[in-house]
Structure formats: C-alpha cells, structure tokens
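Understanding the architecture of this molecule
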Amino acid sequence: MSAPSNIRPMRLDDMPACRVIAAECWSRFTAQVAEPEFREAFASSAWRPTFYIAERHGAVVGMAGYGTSWLSYGIYNLFWVAVRPHVQGRGIARQLVDQCLADLFPIADAVMLMTGVPEFYARGWGFESIGTVPQSEGFGDTLMVLRPNLRVAA
Ligand SMILES: CC(C)(COP(=O)(O)OP(=O)(O)OC[C@H]1O[C@@H](n2cnc3c(N)ncnc32)[C@H](O)[C@@H]1OP(=O)(O)O)[C@@H](O)C(=O)NCCC(=O)NCCS
C-alpha cells in the first residue's frame, strides 16, 4: 500500500496539470473543453463548481469535482474524476471521491454522475445505476445516483 496523496482544493495554477490529466484520461479535445469548466470554480457566478486535486511527491496527479444541478438545489453532479495512468491503482481516486462526498453528504439529497466505470462507484460508495444514456462524448453511458439520506437510513 503506497503513501496516501495530499488532497487539496484546485488552484488556478493547477490548470496546466489538470489539462494533462484530462488529455491522458480522455483526449486532448476533452482537455480543451474541460478547462473552462475548471476555471468556472474561480469565477463570480452564483453556482461555482468545487474541484479538488491530488498531489503525489509534489505533482498534481488526480482531480475530481462537483456542482449543484439546475434540476434541484439538493441534487449534485460529481464529475471530472480522473487519475494519471501511471499512478492509478493506488487509492487516489478513492481519496478524491471521499473528499467530494464528505462535502456533499450533509447537504445533498442525491449525487448523480455519468460514467464508463460503474463498478468503481457501485463497489466504492454504493452508487446505483439508474439507466443507460448513450452519448457521443466518450464519458461513459451509465447514469448513477447515490442518495446519502437513504443510505444512512438503510
Ligand atoms: C477510474 C479511475 C478514476 C480510478 O482511479 P484510481 O486512482 O486508479 O482508483 P483507486 O486506486 O482509488 O481505486 C479504488 C477502488 O476502485 C477500484 N477500481 C479502480 N478502477 C476501477 C474500474 N475501472 N472499475 C472497477 N473498479 C475500479 C480499485 O480496484 C479499488 O478497489 P479496492 O479498494 O477494493 O482495491 C481511473 O482509472 C481513471 O482516471 N480513469 C480514466 C478516467 C475515468 O474513466 N474516470 C471516471 C469517469 S466518471
């Protein structure tokens, strides 16, 4: 078991490293479209997303974020969960998602995501698949939900 990574809020000067993560985990095009979303965390809009990054030996190697859905203020979306390929399998994504969910559990009615790796979220945190939504952007087509209050009550 390797040493845990340091998880901290994303900063503006993390942009180049986060672009690299998005390019390695998806594509260079995805990295281009991702950057404005990351920058939204530092904008003055009412519903800014929150992003965390993981640092290992001083380098940014992973990221994850969440934001409120416009469907309902109690529904949050979890997104941009990614870890550089050469450090995958060390529990870094688990730490990042744990941090996001620690923020969300006290305030969220539901946390929703789209993914191509549903087992990662089902096994790790009990996310349930609620359907398949074919989409063309390569982010995965399984729609999943976690209902923190129901989870606590179960
Ligand atoms: C999916 C991803 C984020 C996992 O990152 P990681 O740091 O390697 O994951 P972790 O090491 O924290 O794994 C935590 C647990 O999930 C499991 N896991 C990791 N990837 C998995 C996958 N693709 N499918 C199922 N389980 C997976 C691990 O085995 C581990 O289980 P364990 O605790 O029982 O040993 C990473 O592979 C990645 O960046 N992929 C490309 C981008 C992507 O698909 N992101 C998710 C889209 S929403």
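A brief report on the enclosed structure follows. (Residues numbered from 1 in each chain as written. Predicted model: local features only at pLDDT ≥ 70, side-chain atom pairs only at ≥ 80, totals over all residues. Heavy atoms only, no water.)

This part covers the overall build of the chain. A tally of regular secondary structure across the chain gives five helices and seven strands. Helices and strands in the chain line up, N terminus first, as β-α-α-β-β-β-α-β-α-β-β-α. For 154 residues, the compact-globule formula gives about 15 Å, and the C-alpha radius of gyration of the chain, at 15 Å, lands near that figure. By principal-axis analysis of the C-alpha atoms, the chain measures approximately 40 × 40 × 30 Å. Sequence separation of 24 or more characterises 59% of the internal contacts of the chain that already satisfy a separation of 6 or more. For the chain, the exposed area adds up to about 8,600 Å²; of that, 55% sits on carbon and sulfur atoms. For the chain, the centre of its 13 positive side-chain charges and the centre of its 14 negative side-chain charges are spaced 6 Å apart. (Helix = DSSP H or I, 4+ residues; strand = E, 2+ residues; numbered from the N terminus. Rg over C-alpha atoms; globule rule 2.2 N^0.38 Å. Contact = heavy atoms within 4.5 Å. Areas by Shrake-Rupley, 256 points an atom, 1.4 Å probe, with all protein chains shown as cover. Lys, Arg positive; Asp, Glu negative; His and termini not counted. Charge placed at Lys NZ, Arg CZ, Asp CG, Glu CD.)

Before going further, it helps to spend a moment on the pattern of salt bridges. In a structure, side chains of opposite charge can pair up when their charged atoms sit close to one another. One pass over the structure, following the stated rule, counts seven salt bridges. For Arg84, the salt bridge goes to Glu24, with nearest N and O atoms at 2.7 Å. In this pair, Arg84 sits in the loop between strand S4 (72–83) and helix H3 (92–104) while Glu24 sits in helix H1 (residues 15–25), placing the two residues 60 residues apart along the sequence. For Arg84, a relative accessible area of 22% puts it in the partly exposed group. Among the charged side chains, a network of salt bridges with common partners joins Arg8, Asp14 and Glu55. (Salt bridge = Lys/Arg side-chain N within 4 Å of Asp/Glu carboxyl O. Buried < 20%, exposed > 50% of the residue type's maximum accessible area, 1.4 Å probe, protein only.)

Turning our eyes to something else, we now look at the pairing of S4. Bridge count between strand S3 (residues 59–69) and S4: seven bridges; the pairing is antiparallel. Note on S4: the bridge partner recorded for Gly67 is Asn77. What sits between S3 and S4 in their antiparallel hairpin is a turn of two residues. Here three bridges tie S4 to strand S5 (residues 110–115), and the two strands are oriented parallel to one another. Across the sheet, Ile75 pairs through a bridge with Ala110, a residue of S5. Tracing the backbone out of S4, into H3 and back to the parallel element S5 gives a crossover that is right-handed. (Pairing = 2+ DSSP bridges. Right-handed = clockwise from strand over helix to strand, strands pointing away.)

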